[in-house]
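# Structure at a glance
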Amino acid sequence: MAGAMTAGMVYLGVKTGLFRAMQGKGPLQASQVVSLSGLQHRYVEEWLKGMAAAGYLEYDAAKETFALPEEQAYFLASDDSDHFVGGLFAAVPPMLRVAPDVVRAFAEGGGVAFEKFGPECVEALDLINRGQYESRFADYWLKAMPDAAAKLAAGGRALDVGCGAGRVCAALAKAFPRAEIMGIDPDTESIKRAKASAPGIRFEALTTSQLKDKGFDLITLCDVLHDLAAPLATLQEIRALLKPEGVLFIVEPKAADRVEDNRNPVATTFYGFSLFHCMTQSLARGGPGLGTCLGPAATEKLVREAGFGRFERLELKSLTNLFYAARP
């Protein structure tokens, strides 16, 4: 319960801007935090005490001051950076809001459709990945596939499947101005957000089965494979959309194949995400519900079953992601 309540309080700090207001200011009394944030005194006071109790803020009893340590500010007051984790906490309300529906699914089957999570969830998913995509995708991750990068630099074609808010497409378009970039996602709310955040890029509310274009040099599946309602069919369709020498780049949550190797906070978080979002929305559409902790072995098995001849785990450093390259 302490962990659950702490997550809720961190969500409040992220959404209200309290962490950003306190960043770099040193020890502050409650009234000073109120002045900096422009928020209601009684709520700010209780939040400060709660965050101090949880260890997120340092409290000086003699001076009655609260301070946000630099280590916490690095993760919670760093919007748009590649190390901002506020999006994780922004996902808590929309996911736990559907908890009664998940309980019902335990007994009756099925799940919670993606649309039921609402725009707040789309925004949270964007916040979780935005900084990484903007800072690392082209400058670090794509360098592990120099052949794909070279083709895009020369004016090649790239497709992001399950593009969400369009951040991968935006990163690719910025890094490779000569390339043709496209993003598809069946969720109309996500496509709406993508078009607003990255104007000039082609975004369509489509699935791979509906897409008529072919001949892509690079196709990306970023935090999407385990969510799919028809993962094998989608991978087969992606293979058909690729050029013979093209590459599929897959990013998946960092989880081990064995349960005993997943006894850590990262995997625990992912199992929660699976139950309250990833697995249940796949099951709601009649999918297999692969789950957030798919793991490397199951990922490779699925990709090879789809007909890809080459599969490689890329040695890219990340605390939260695994990376793969698959070629026809």
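Our subject in this report is the structure included herewith. Being a predicted model, the structure only gives us computed values, none of them experimental.

## Examining the overall build of the protein
Across its full length, the protein carries 15 helices and nine strands. Computed over the C-alpha atoms, the radius of gyration of the protein is 21 Å, within 12% of the 20 Å expected from 2.2 N^0.38 for a compact globule of 328 residues. Taken along its principal axes, the extent of the C-alpha atoms in the protein is 70 × 50 × 35 Å. Out of the 328 residues belonging to the protein, those deemed buried represent 49%.

## Notes on the packing of aromatic side chains
Taken as a whole, this structure holds 10 aromatic pairs when the rule is applied. When the centroid spacing of 4.8 Å and the interplanar angle of 40 degrees are considered together, the rings of Tyr-59 and Phe-66 count as tilted. Of the residues examined, Phe-66 reaches a relative accessible area of 7% and is grouped as buried. Between Phe-249 and Phe-323, the aromatic rings sit 6.2 Å apart at their centres with planes inclined by 10 degrees, giving stacked as the arrangement. Of this pair, Phe-249 sits in strand β7 (residues 242-253) while Phe-323 sits in strand β9 (residues 321-327); the two residues are 74 residues apart in sequence, bridging distant segments of the chain. Among the aromatic residues, those joined into a cluster by ring pairs are Tyr-133, Phe-137, Trp-141, Phe-249 and Phe-323. The ring of Phe-216 carries the charged tip of Arg-157 above its face, separated from the ring centre by 4.3 Å.

Calculation notes
- Residues numbered from 1 in each chain as written.
- Predicted model: local features only at pLDDT ≥ 70, side-chain atom pairs only at ≥ 80, totals over all residues.
- Heavy atoms only, no water.
- Helix = DSSP H or I, 4+ residues; strand = E, 2+ residues; numbered from the N terminus.
- Rg over C-alpha atoms; globule rule 2.2 N^0.38 Å.
- Buried < 20%, exposed > 50% of the residue type's maximum accessible area, 1.4 Å probe, protein only.
- Phe/Tyr/Trp six-rings, centres within 6.5 Å; stacked < 30°, edge-to-face > 60°.
- Lys NZ or Arg CZ within 6 Å of the ring centre and 35° of its normal.

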